[in-house]
Amino acid sequence: MKNTSMQCGMPFSMTKSIRTIGLTIALWLISAPAASLGEASKVTLGVLKVSSNQPVDIQKSAIKQLLSRVEERTSITVGNAVPVLTPESSDIFKHPFIVLHGSQSFDALSDEAIENLRRHLASGGFLYVDAAGATSPSPFFKSSKRLLKRLFPNRPRKQLGDDHVLYKSFYLTDNPIG
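Just so we're clear, the structure is a prediction, and the values are computed from it rather than from any experiment. (Residues numbered from 1 in each chain as written. Predicted model: local features only at pLDDT ≥ 70, side-chain atom pairs only at ≥ 80, totals over all residues. Heavy atoms only, no water.)

Engineer: What is the right way to look at the packing of aromatic side chains in this model?
Structural biologist: The geometry of an aromatic ring pair comes down to the distance between the two centres and the angle between the two planes. Inspection of every chain in the model, using the stated rule, returns 2 aromatic pairs. Ring geometry for Phe106 against Phe140: centres 5.6 Å apart, planes inclined by 55 degrees, an arrangement best described as tilted. Highlighted residues: Phe106 in the loop between strand E5 (97–102) and helix H3 (111–122) and Phe140 in helix H4 (residues 139–151), separated in sequence by 34 residues. Take Phe106 and Phe140: they sit in the same class, and that class is buried. (Phe/Tyr/Trp six-rings, centres within 6.5 Å; stacked < 30°, edge-to-face > 60°. Helix = DSSP H or I, 4+ residues; strand = E, 2+ residues; numbered from the N terminus. Buried < 20%, exposed > 50% of the residue type's maximum accessible area, 1.4 Å probe, protein only.)

Engineer: What is the right way to look at the pairing of E5 in this model?
Structural biologist: Regular strands show a simple pattern: their side chains alternate between the two faces of the sheet. Along E5, 5 of the 6 residues are buried, which leaves the element largely enclosed by surrounding structure. As judged from the 2 bridges shared by strand E3 (residues 46–48) and E5, these two strands associate in the parallel manner. By the bridge assignment for E5, Gly46 is matched with Ile98. Pairing analysis gives 6 bridges linking E5 to strand E6 (residues 126–131), with the strands arranged parallel. Each residue of the ladder has a partner; that of Val99, found in E6, is Tyr128. (Pairing = 2+ DSSP bridges.)

Engineer: Just checking my understanding: could you explain the pattern of salt bridges for this structure?
Structural biologist: It is possible for side chains bearing opposite charge to pair when their charged atoms get close. This model, assessed by the stated rule, comprises 4 salt bridges. With a shortest N-O distance of 2.8 Å, Asp111 and Arg150 are connected by a salt bridge. Separated by 39 residues along the polypeptide, Asp111 in helix H3 and Arg150 in helix H4 bring together distant segments of the chain. For Asp111, a relative accessible area of 64% gives the class exposed. (Salt bridge = Lys/Arg side-chain N within 4 Å of Asp/Glu carboxyl O.)

Engineer: I tried to follow the environment of Gly125 on my own but got confused; where do I start?
Structural biologist: Tracing the backbone shows Gly125 in the loop between H3 and E6. Sequence-wise, Gly125 and His95 are 30 residues apart; in three dimensions their C-alpha atoms are separated by 7.7 Å. When near neighbours in sequence (up to four residues on either side) are disregarded, Gly125 contacts Pro96 and His120. (Contact = heavy atoms within 4.5 Å.)

Engineer: Before we go on, may I ask you to explain helix H2 (residues 56–73) in this structure?
Structural biologist: The α-helix winds at 3.6 residues per turn, so residues separated by three or four positions along the chain end up facing the same way. In this model H2 runs 25 Å from its N-terminal to its C-terminal C-alpha over 18 residues, within 8% of the 26 Å that 1.5 Å per residue would give. Residues of H2 that are buried: Val56, Gln59, Ile63, Leu66, Leu67 and Val70. Buried residues of H2, seen end-on, are gathered within an arc of 100 degrees and therefore sit on one face of the element. Facing away from the buried side of H2 by more than 90 degrees, the exposed set consists of Asp57, Ile58 and Glu72. (Expected span 1.5 Å × (residues − 1). Arc of directions from axis to C-beta.)

Engineer: Sorry if this is basic, but what is going on with the sheet that holds E6 here?
Structural biologist: The strands making up a sheet associate through backbone hydrogen bonding, with each pair oriented either parallel or antiparallel. Spatially, the 4 strands line up as an open sheet ordered E4-E3-E5-E6, and their pairing is parallel. Each edge of the sheet is formed by a strand with only one pairing partner; in this case those strands are strand E4 (84–85) and E6. With respect to the sheet, H3 is in contact with E3, E5 and E6, its orientation differing from that of E6 by roughly 115 degrees. (Axes fitted to C-alpha atoms, helices over the stretch in contact; angles between N-to-C directions.)

Engineer: Can you help me understand the nonpolar core in this one?
Structural biologist: Proteins that are soluble and globular tend to have nonpolar side chains buried together. Leu48, Leu100, Leu109, Leu117 and Leu147 are the most contacted members of the largest nonpolar core, which totals 16 residues. Elements represented by at least two residues in this core include exactly E5, H3 and H4. If sequence neighbours within four positions are ignored, Leu109 has contacts with Val50, Pro87, Ile114, Leu117, Leu147 and Arg150. With 13 residues, the next largest nonpolar core counts Ile63, Val70, Phe97 and Val99 among its residues. (Core = buried A, V, L, I, M, F, W, Y, C linked by side-chain atoms within 4.5 Å.)

By themselves, these figures tell us nothing about what the structure is for.
In structure tokens form, the structure reads like this:
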């Protein structure tokens, strides 16, 4: 398929994001214990709200569309709910896959929020951070990087190599996309 600005009736960047999320969900499912049939076995993504000016309604809509595409193109069964979660809430433990998306900077999280989010991730939770800013690096990217340093101060952050299993789990890609 040609690299054009539209593929399958969606902007090309959205198609790439669908593949990236599909890969990530597939990798997470491989490492997760098997769930029983029914509502509990459906994959959902929660939106992590870290700022009062974060446009969560737009994010919820985009995630619903993304999950719909993942279900269309894979054998992954998805749920319809996209809960909005705060990092201080114990509700994050009900949603192993959460998304932090934005383009604007956000204030540093409280110590309570950092500890709760760290516990969630250390217990097998997954945080997908998506910087949507047009500038590089965006204010959101800088805030996200600061957040990750606080979450895991003794762990160096590194970019995944193009040969990482994440890029070969569901679709074969030759580099990070989205």
